[in-house]
Amino acid sequence: MTERYEGADATIFHGDCLEALNSIPDASVDLIFADPPYNIGKKFSEFKDSWPSDLAYAEWCYQWLAVCISKLKLTGSLYVMTSTQAMPYLDLWLRKRINILSRIVWHYDSSGVQAKKYFGSLYEPILHCVKDAKNYTFNAADIEVEARTGAVRKLIDYRKEVPAPYKTTKVPGNIWYLPRVRYRMSEYEEHPSQKPESLLERIIKASSNSSDLVLDPFSGTFTTCAVAQRLGRRSIGIELQAEYVKIGLRRLGIATHFNGESLQALDKTYIRKNGNGIKGGVIAKKEQGRLFDANI
Ligand SMILES: C[S@@+](CC[C@H](N)C(=O)[O-])C[C@H]1O[C@@H](n2cnc3c(N)ncnc32)[C@H](O)[C@@H]1O
C-alpha cells in the first residue's frame, strides 16, 4: 500500500511507482526525471536490482514509461536514465512514442579501481524526450556554460559587419562532465546510486519554469525534489524503500520523525587516526564549487 506525505511544495509517495503513479492526474506534470534501478545487481536497502533477463527488465520499464508519458502535459519533458547496456531497449521503444531530442552522456571520473583488461565505463546515458517537438520548455539562457575555444585571446568574428568577439557562453553539448557524489560532499546521503545536484540542476532549470510540477518516480535520496524545491518548483517523489523515504522527509523538510524515529542527517565528523583531534568531514562549499566548473 502506498503512503503519502505532503509538504508545502513537495509530495512523497512511499510505495511502488506503478501504484503511486495512479494517484497523479493525467497530463498534469511538466517534467519527469526517471532514474530507475539499472538491472545490474545493486542492493537498494531491501530491494535487489536484478531481473531474470534484459528483456524482462525492459518490459518492466515499458510499463512505467507508458504511464509516465500519460502523466506529462503536452508541453512536458521526460529525462530517462538506465545502464549503457539497457538503454538501446528503451531508446527503440521510446522513439515510437515520444520525441527523443538528445542522447546525453553523463561523464565522470572513477574514484574506484580502474579496469585493466578493457575500457572501463565512465559514463551513464540519459535520454531527453519531449511530447511535442514544436512546443516544449527549454530555458537555454539559464544553463549556459563557458564556451571553450582553446584560444588564449578572444576570437573575433570577422563575418559580422562590425567585427565583434564571439559569444563566450553556450548551451552545453550532450556530454556533461559532472563529478559523482562523494562521501565528503555536503549533499552526500547513504544510497548506492545518488545522483549529483549539479546534474538535476541543469535538467530542472532547462526543462521547467518556476512553480512547475516535477516528478521523480524513483526518488532514492530525493535529489530531484530537493533541487526542485531550491529552484522554486513543486515536486512529487516516489520511492519504494523506507530507508530512503526517511531521507526525503528530512531533506525536503516534510517531517522530523518517521514512526517515532528522529530523522537526523548523516554524522560525517570523524576522528583522525593520528590523534590530531576531531575534524569536520565535509568539503567546504567553496571547494565543492570548484568540482563543478568543468563543462564540455
Ligand atoms: C537509481 S536509484 C535513484 C537514485 C536517485 N536518482 C538519487 O539521486 O538518489 C533507484 C531507486 O528506485 C527505487 N525503486 C526500486 N524499485 C522501485 C519501484 N518499483 N517503485 C519505486 N521506487 C523503486 C530504489 O529503492 C532506488 O532508491
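Just so you know, these numbers come straight off a predicted model, no measurement behind them. (Residues numbered from 1 in each chain as written. Predicted model: local features only at pLDDT ≥ 70, side-chain atom pairs only at ≥ 80, totals over all residues.)

J.: What should I look at first to understand the overall build of the protein chain in this one?
T.: Broken down by element type, the protein chain carries seven helices and 19 strands. Relative to its length of 296 residues, the protein chain is compact, with a C-alpha radius of gyration of 21 Å against a globular reference of 19 Å. Along the first, second and third principal axes, the C-alpha atoms of the protein chain reach 70 × 60 × 50 Å. The buried share among the 296 residues of the protein chain stands at 31%. By sequence separation, contacts in the protein chain at least 24 residues apart represent 65% of the contacts at least 6 residues apart. (Helix = DSSP H or I, 4+ residues; strand = E, 2+ residues; numbered from the N terminus. Rg over C-alpha atoms; globule rule 2.2 N^0.38 Å. Buried ≥ 20, exposed ≤ 12 C-beta atoms within 10 Å, placed from the backbone. Contact = placed C-beta atoms within 7 Å.)

J.: It is not clear to me how the pairing of strand S2 (residues 10–14) should be interpreted in this structure. Could you clarify?
T.: Most of S2 is tucked away: five of the five residues are buried. Side-chain alternation along S2 places Ala10, Ile12 and His14 on one buried face and Thr11 and Phe13 on a second face that is also buried. The pairing of strand S1 (residues 3–6) with S2 spans four bridges and is classified as antiparallel. Along S2, the bridge assignment pairs Arg4 with Phe13. Of the pairings in the sheet, the one linking S2 to strand S15 (residues 234–239) comprises five bridges and is parallel in character. Residue pairing for S15: Ile12 is matched across the bridge by Gly237. (Pairing = 2+ DSSP bridges.)

J.: Explanation requested: the packing of helix H2 (residues 54–71) against helix H3 (residues 87–94) in the structure shown.
T.: Axis separation between H2 and H3 bottoms out at 10 Å; the angle between their running directions is 40°. For the element pair H2 / H3, the angle class is oblique. Two packed elements cross with a definite hand, and for H2 against H3 that hand is right-handed. Side by side, H2 and H3 meet where Asp54, Ala58, Cys61, Tyr62 and Leu65 of the first sit next to Tyr89, Leu90, Trp93 and Leu94 of the second. Broken down by class, the residue content of the contact of H2 with H3 amounts to eight nonpolar, no polar and one charged. (Axes fitted to C-alpha atoms, helices over the stretch in contact; angles between N-to-C directions. Parallel < 35°, antiparallel > 145°, perpendicular 65-115°, else oblique. Left-handed = near helix turned anticlockwise from the far one by under 90°. Nonpolar A, V, L, I, M, F, W, Y, C, P; charged D, E, K, R; others polar.)

J.: Sorry if this is basic, but what is going on with the sheet that holds strand S6 (residues 72–81) here?
T.: Two strands in a sheet stick together by hydrogen bonds in their backbones, pointing the same way (parallel) or opposite ways (antiparallel). Read across the open sheet, the nine strands follow the order S1-S2-S15-S14-S3-S6-S8-S7-S13; overall the sheet is mixed. If you trace the sheet from one side to the other, it starts and ends with S1 and strand S13 (175–177), each paired once. Ignoring strand direction, the axes of neighbouring strands in this sheet form an average angle of 20°. In the sheet, strand S3 (residues 29–34) pairs with strand S14 (residues 213–216) via two bridges, with the strands oriented parallel. Bridge assignment links Ile32 to a residue of S14, and that residue is Leu215. In this fold H3 packs onto S6, strand S7 (99–107) and strand S8 (123–130), with an angle of close to 10° to the strand it touches most, S8. On the sheet, helix H5 (residues 223–230) packs against S2, S3, S14 and S15 and is oriented at approximately 170° with respect to S15.

J.: Explanation requested: the site of the ligand in the structure shown.
T.: Near the ligand lie 20 residues; those nearest to it are Phe44, Phe218, Gly220, Thr221 and Thr223. Here the shell around the ligand is composed, by residue class, of nine nonpolar, seven polar and four charged. (Near = placed C-beta within 6 Å.)

J.: Explanation requested: the nonpolar core in the structure shown.
T.: In summary, soluble globular proteins display a tendency toward joint burial of nonpolar side chains. Counting residues in hydrophobic clusters, the biggest one holds 54 residues, and the most contacted among them are Ile32 and Leu78. If we skip the residues at most four places from it in the chain, Leu78 touches Ile32, Cys68, Ile69, Leu72, Ile98 and Cys129. (Core = buried A, V, L, I, M, F, W, Y, C linked by C-beta atoms within 7 Å.)

J.: When you look at the confidence of the model for the protein chain in this model, what are you seeing that I'm missing?
T.: Low-confidence regions, as indicated by low pLDDT, have predicted coordinates that should not be scrutinised in detail. Averaged over every residue, the pLDDT of the protein chain is 91; residues scoring 70 or more account for 91%. Confidence drops under pLDDT 50 across residues 286–296; counting only partners more than four residues distant or on other chains, this segment forms 15 contacts. (pLDDT = per-residue confidence, 0-100.)

J.: When you look at helix H4 (residues 197–207) in this model, what are you seeing that I'm missing?
T.: Helical geometry: 3.6 residues make up each α-helical turn, so side chains three or four residues apart lie on a common side. Taken residue by residue, H4 has Glu197, Leu199, Leu200, Arg202, Ile203, Ile204 and Ser207 as its buried positions. Looking at the buried positions of H4, the neighbouring elements they touch are S3, S6, S7, S14 and H5.

J.: When you look at H2 in this model, what are you seeing that I'm missing?
T.: The end-to-end C-alpha distance of H2, which contains 18 residues, comes to 26 Å, matching closely the 26 Å that a straight helix rising 1.5 Å per residue would cover. What H2 keeps buried is the set Tyr57, Cys61, Leu65, Cys68 and Lys71. Relative to the axis of H2, the buried residues are bounded by an arc of 100° and lie together on one face. Exposed residues on H2 whose side chains face more than 90 degrees from its buried face are Leu55, Ala56, Gln63 and Ala66. Packed against the buried residues of H2 are helix H1 (17–21), S3, S6, H3 and S14. (Expected span 1.5 Å × (residues − 1). Arc of directions from axis to C-beta.)

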